[in-house]
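Close look at the chain arrangement
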Amino acid sequence: MTEQALREAMERLFAGKPARTDGKLAENNLWREAGVSRATMNRAAAVLAEWDSRIGQSPAGRRDQKQTEEITRLRRQLKDNRQDRRRLHDQVDAAATVIAALLAEDAAMREQLIKRSAVVVPLPQGPPRVSCDCRL
């Protein structure tokens, strides 16, 4: 009787017409769909063997496998994107440090230029002295 309930639940799940679960092809849904305990399901070795063999061959099983592969690919891509973001963030930090240093150096040079151009050099007083060694 238990084995029959499990087989009927399996057929409903593979047909995409669950009565008690969300319809995902998982062992948790199999025993819930059949209305038996997990321990009872685990004792039905023949049903579980059939479940395992059919799960990989069913369209829903292939769809689940494709989704799992896509999730794996997207997780790998997310990891790569996070590494790229970290690397770019480090480059931006380094560039900001260089820019700050250059701005400080520029400000110091401008201040030095202003101080140097503010120095007044006194001119000699009186008529200019001409020294010429001219013989006529």
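Here the structure is shown first, and the text comes after it.
For clarity, every value in this text was computed on a predicted model and none was experimentally measured. (Residues numbered from 1 in each chain as written. Predicted model: local features only at pLDDT ≥ 70, side-chain atom pairs only at ≥ 80, totals over all residues. Heavy atoms only, no water.)

What about the overall build of the chain?
Put simply, the rule reads: Note on conventions: DSSP H or I runs of at least 4 residues are helices, E runs of at least 2 residues are strands, and numbering of each starts at the N terminus. Partly exposed describes any residue whose relative accessible area lies between the buried limit of under 20% and the exposed limit of over 50%, with all areas from a 1.4 Å probe on protein chains only and scaled to the type maximum. Whether two residues touch is decided by their heavy atoms; if any such pair falls within 4.5 Å, the residues are in contact. Method for areas: the Shrake-Rupley scheme with a 1.4 Å probe, in which residue coverage is limited to the protein chains shown.
Regarding its fold elements, the chain presents 5 helices and 0 strands. Ordered by position from N to C terminus, the α and β elements of the chain give α-α-α-α-α. Across the 136 residues of the chain, 15% fall into the buried class. Intrachain contacts of the chain at a sequence separation of at least 6 include 48% that bridge at least 24 residues. When the accessible surface of the chain is split by element, carbon and sulfur atoms take 56% of a total near 11,300 Å².

Digging into helix α1 (residues 2–15)
Stated formally: One fewer than the residue count of a helix, multiplied by 1.5 Å, yields its expected span. Throughout, the arc means that of the directions going from the helix axis to the C-beta atoms.
Between its terminal C-alpha atoms α1 stretches 20 Å, which fits the 20 Å expected from 14 residues at 1.5 Å a residue. Looking only at α1, the buried set comprises L6, A9, M10, L13 and F14. Taken end-on, α1 shows its buried residues confined to a sector of 130°, consistent with a single buried face. Where the residues of α1 are buried, they touch α2 (27–34), α3 (38–43) and α4 (45–57). Positive phi appears at G16, one or two residues downstream of α1, with a value of about 80°.

Quick word on the packing of α1 against α2
As a reminder of what qualifies: Lines are fitted to the C-alpha atoms to define the axes, a helix being fitted only along its stretch in contact, and any angle between axes, read from their N-to-C directions, falls within 0 to 180 degrees. The labels follow the angle: roughly parallel below 35 degrees, roughly antiparallel above 145, roughly perpendicular from 65 to 115, and oblique for the rest. Less than a right angle of anticlockwise turn of the near helix away from the far helix marks a crossing as left-handed, whereas a clockwise turn marks it as right-handed. In this classification, the charged set is Asp, Glu, Lys and Arg, the nonpolar set is Ala, Val, Leu, Ile, Met, Phe, Trp, Tyr, Cys and Pro, and all remaining amino acids, among them Gly, are polar.
Their axes nearest at 8 Å, the elements α1 and α2 cross at an angle of 120°. Between α1 and α2, the angle is such that the two are oblique. Between α1 and α2 the crossing geometry is right-handed. Taking contact as the criterion, the partners of A5, L6, A9, M10, R12 and L13 in α1 are, on α2, N29, L30, W31, E33 and A34. Here the contact of α1 with α2 is composed, by residue class, of 8 nonpolar, 1 polar and 2 charged.

Comments concerning the pattern of salt bridges
Proximity of charged atoms lets side chains of opposite charge pair with each other. Our working definition: Put simply, a salt bridge is a Lys or Arg side-chain nitrogen that is within 4 Å of an Asp or Glu carboxyl oxygen.
The full count for this structure, using the stated rule, is 8 salt bridges. Here E11 ties to R54 by a salt bridge, and the two come within 2.4 Å at their closest N and O atoms. Here the residue E11 occupies a position in helix α1, and R54 occupies one in helix α4, the gap between them amounting to 43 residues. Look at E11 and you get partly exposed, because its relative accessible area is 40%. A salt bridge links E33 to R12; the shortest N-O distance between them is 2.8 Å. One end of the pair, E33, is in helix α2; the other, R12, is in helix α1, and 21 residues separate them in sequence. We classify R12 as partly exposed; its relative accessible area is 26%.

Some details on the nonpolar core
Here is a general trend for soluble globular proteins: nonpolar side chains tend to be buried in one another's company. Short version of the rule: As used here, the term nonpolar core means buried Ala, Val, Leu, Ile, Met, Phe, Trp, Tyr and Cys residues forming a set that is joined through side-chain atoms within 4.5 Å.
By size, the foremost hydrophobic cluster in this structure holds 15 residues, and its most contacted members are L6, M10, L30, M41 and W51. For this core, the elements supplying multiple residues, two or more each, are α1, α2 and α4. Sort the elements by how many residues they give to this core and α1 lands first, with 5 residues. The contacts of L30, once residues within four sequence positions are left out, are L6, A9, M10, L13, M41, L48 and W51.

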